[in-house]
Amino acid sequence: MSLLLHHLTRRLSSTSAAAISAAAVDFLEPNSPQELIFNQRVSPHVPNLIHLNMEMKEMVKSGNLRDARKLFDEMSERDEFLWTTLISGHVRAGECGEALDLFRLMRWEGNVRMDCFVLGCVLKACVRLGEELGFGEMVHGCAVKTGLVESVYVGSTLLDMYMKSGRVREGRKVFDEMPERNVVSWTAMIAGLVNSGHAYEGLMCFSDMWRRKLHCDSYTFASALKGCSCLYDFYRGREIHAQTLMKGFDACSFIANTLTAMYNNCGKFEYGFRVFRRMRNPDVVSWTTMISAFVREGEVVKALQEFMRMRESGVRPNEYTLASVVSGSANIGDLRWGEQLHGHVFRSGLVRSAMRYRDIVSWSTIIAGFAHGGYGAEAFQYLSRMRREGTYPTEFPLASVMSVCGSMAILEQGRELHAHVLKVGLEHKPIIHSALVDMYCKCGSLKEASKIFNASIDDDIVSWTAMINGYAEHGLSREAIELFQKMPEAGLEPDSVTFIGVLTACSHAGLVDLGHHCFDSMASLYHITPSKQHYGCMVDLLCRAGRLTEAENMINTMPQERDEVVWSTLLRASAIVGNVECGRRAAEKLLQLNPNCAGTHITLSNLYSVKGKWREAADMRKMMKSKGIDKEPGSSWLKIKDQVSTFVSGDMRCPEFEFLYSVLDSMTARTDETLDDEDTLLCIG
């Protein structure tokens, strides 16, 4: 009987790859004819591997991994099915470290033949751990050595591992060398390229798959739509949308969610809203996508209305939904709504009064808050603290700190951040790419900004806008306008921020007619309503050209509330050309808005003095004195050993001010002695 069992066990071990594949998918069905015959022939006192396989499979399915491992350890003989069952069970349960330990033990025993399914499970564990790429490469070597690398299952999991680890070159090599590819392989390749910042290559891969007339599933379409979203490619996204309709995939919730996000990201908000409205049962991702889109569009009231509809529909908001709504409330300064949402967050248990665990989202949020609020030093401090506490920064906090470098013109620290993103492989992320261009432009290093911009494969509106604004701000108006005119060739449409850059360029170059044409085209061609900033650019353009009457008329007819910026622009221009009446009217408007503005009083006083109106100039000075208005002193900053210090004349806020002033007095005294010596020498001569 034992001889028969040994013979059957050897037969099972030498089963063909196809039979093993079938068995590994679902092992053997209970009560199958083969199992019944085998059980009848083998004595119940003899260990039955097939019976043990079934028993362990049921334990693993029920989540009872502890008893499964205990049974496994008590076995004197274990085949590849038992190993695969236990390893895959640990992977599904999220215990990937235990799965890798089991695979090491399996390799150490040496008498168990590996199959494609156990290798696939181990590779999935490496992907989920995210830190075991070296182990994954070792498994890759095993697959090559055993020939299992030619399995489409092993090839697909290898491809997925490399792509999710950011090793695009190795993933591409695995894909190119696969003798057989299925929809999983193609989708892993497309998704990997898109998620690693190579959206254009991902769409080219999707086009290649489509030309070969290969079957695409819903995940393939979702990955391609995400690529269109990254590239802001509305037209290609609309074509893929049509394909999903023909295939009947539009009913899938994640396809609909990806479509909504794609249209919103491409600036076609009404299309995204239409897709959302057609969903039968929108889930939390659907609602969050639309609420976030409303907040980005500045439609905070509509975002709050959608949030209420979401609650009424019975869908429970998650932390991302609540973060979007809280952000919207902050944008409109509605403390009442913010406090209500804060209370809801506490009741839902999503946050505690003191954060014991800080994830990447919370770190990114606090760093972005400091960066956008003008607290650059604090943003850097929290980035350093984040790394010390073991959380590795993603592209979002790094982009926030890069904006600080641009705002404060700290080029060296910006270069250090650039080196860091190159080291960790984040340079292809669109948000990092645009942040680098913007940072170098604001630091005055247009050569480096242009180099990064020109090296980009994927065109996006943010990088183009940053480059146009950089050229415009540094007086390179011709380059800014030429780049603006090339946007249609790249398949991009300018947004409202782009027009601020091109109008600034027209202003610096004195191109009044072109500026008027661009301003008029905003509404007529691109359906963009000019904002207060655009009107400010036009007022600056007309003032620089000396056309003060037109500038004043534009201010008086602009639909938005007139602020200090446009009136101060007109006042400065009036002072330059000596137009007292226009300057006086502008100053009156400014003083209505801010009666204690020192700059307005001083500029108008100087204008009166230049035109010989000494009495009016003296009256302005007296008015300043009676109001107790002093000119605000200018400030400077100095960076020493990564520490930025701000100071003004006579400043005593610095903790070391006594030492600094003593050194300054010493330097002044030495300068006086030197001058005295020079005077003596001159007298002697």
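Residues numbered from 1 in each chain as written. Predicted model: local features only at pLDDT ≥ 70, side-chain atom pairs only at ≥ 80, totals over all residues. Heavy atoms only, no water.

Quick look at the overall build of the protein chain
Helix and strand counts for the protein chain stand at 38 helices and two strands. Relative to its full complement of 685 residues, the protein chain shows a buried share of 44%. Carbon and sulfur atoms form 53% of the exposed surface of the protein chain, whose accessible area is close to 37900 Å². (Helix = DSSP H or I, 4+ residues; strand = E, 2+ residues; numbered from the N terminus. Buried < 20%, exposed > 50% of the residue type's maximum accessible area, 1.4 Å probe, protein only. Areas by Shrake-Rupley, 256 points an atom, 1.4 Å probe, with all protein chains shown as cover.)

Thoughts on the side chain of Glu-552
One can find Glu-552 in helix α33 (residues 548–557). A polar side-chain atom of Glu-552 sits 2.8 Å from a polar atom in the side chain of Arg-585. Sequence-distant contacts of Glu-552, defined by excluding residues within four places in its chain, comprise Leu-570, Cys-582 and Arg-585. (Polar contact = N/O pair within 3.5 Å; in protein donor to acceptor, adjacent residues only side chain to side chain. Contact = heavy atoms within 4.5 Å.)

Focus on the packing of helix α12 (residues 183–195) against helix α13 (residues 199–211)
Contact geometry for α12 and α13: axes closest at 6 Å, N-to-C directions at 160 degrees. With respect to each other, α12 and α13 are oriented roughly antiparallel. Remark: the crossing between α12 and α13 carries left-handed chirality. Between α12, through Val-183, Trp-186, Met-189, Ile-190, Leu-193 and Val-194, and α13, the contact on the second element is made entirely by Ala-199, Glu-201, Gly-202, Cys-205, Phe-206, Asp-208 and Met-209. Its residues assigned to classes, the contact of α12 with α13 comprises 10 nonpolar, one polar and two charged. (Axes fitted to C-alpha atoms, helices over the stretch in contact; angles between N-to-C directions. Parallel < 35°, antiparallel > 145°, perpendicular 65-115°, else oblique. Left-handed = near helix turned anticlockwise from the far one by under 90°. Nonpolar A, V, L, I, M, F, W, Y, C, P; charged D, E, K, R; others polar.)

Describing the pattern of salt bridges
For the coordinates displayed, the defined rule picks out 20 salt bridges. The residue Arg-584 makes a salt bridge to Glu-581 at a minimum N-O spacing of 2.7 Å. On the criterion of helical spacing, the pair formed by Arg-584 and Glu-581 is a turn pair, its members being three residues apart in helix α35 (residues 580–593). Accessibility expressed as a relative area gives 42% for Glu-581, which makes it partly exposed. Several salt bridges converge on common partners, so that one network encompasses Glu-137, Arg-167 and Glu-170. (Salt bridge = Lys/Arg side-chain N within 4 Å of Asp/Glu carboxyl O.)

A closer look at unusual backbone geometry
Residue Ala-409 is not a glycine yet carries a positive backbone phi of 55 degrees. Its location among the elements puts Ala-409 in the loop between α24 (395–408) and α25 (411–424). With a phi close to 55 degrees, His-527 is a non-glycine residue in the positive phi region. Its place among the elements puts His-527 in the loop between α31 (512–524) and α32 (532–544). Classification of His-527 by relative accessible area gives exposed; the value is 70%.

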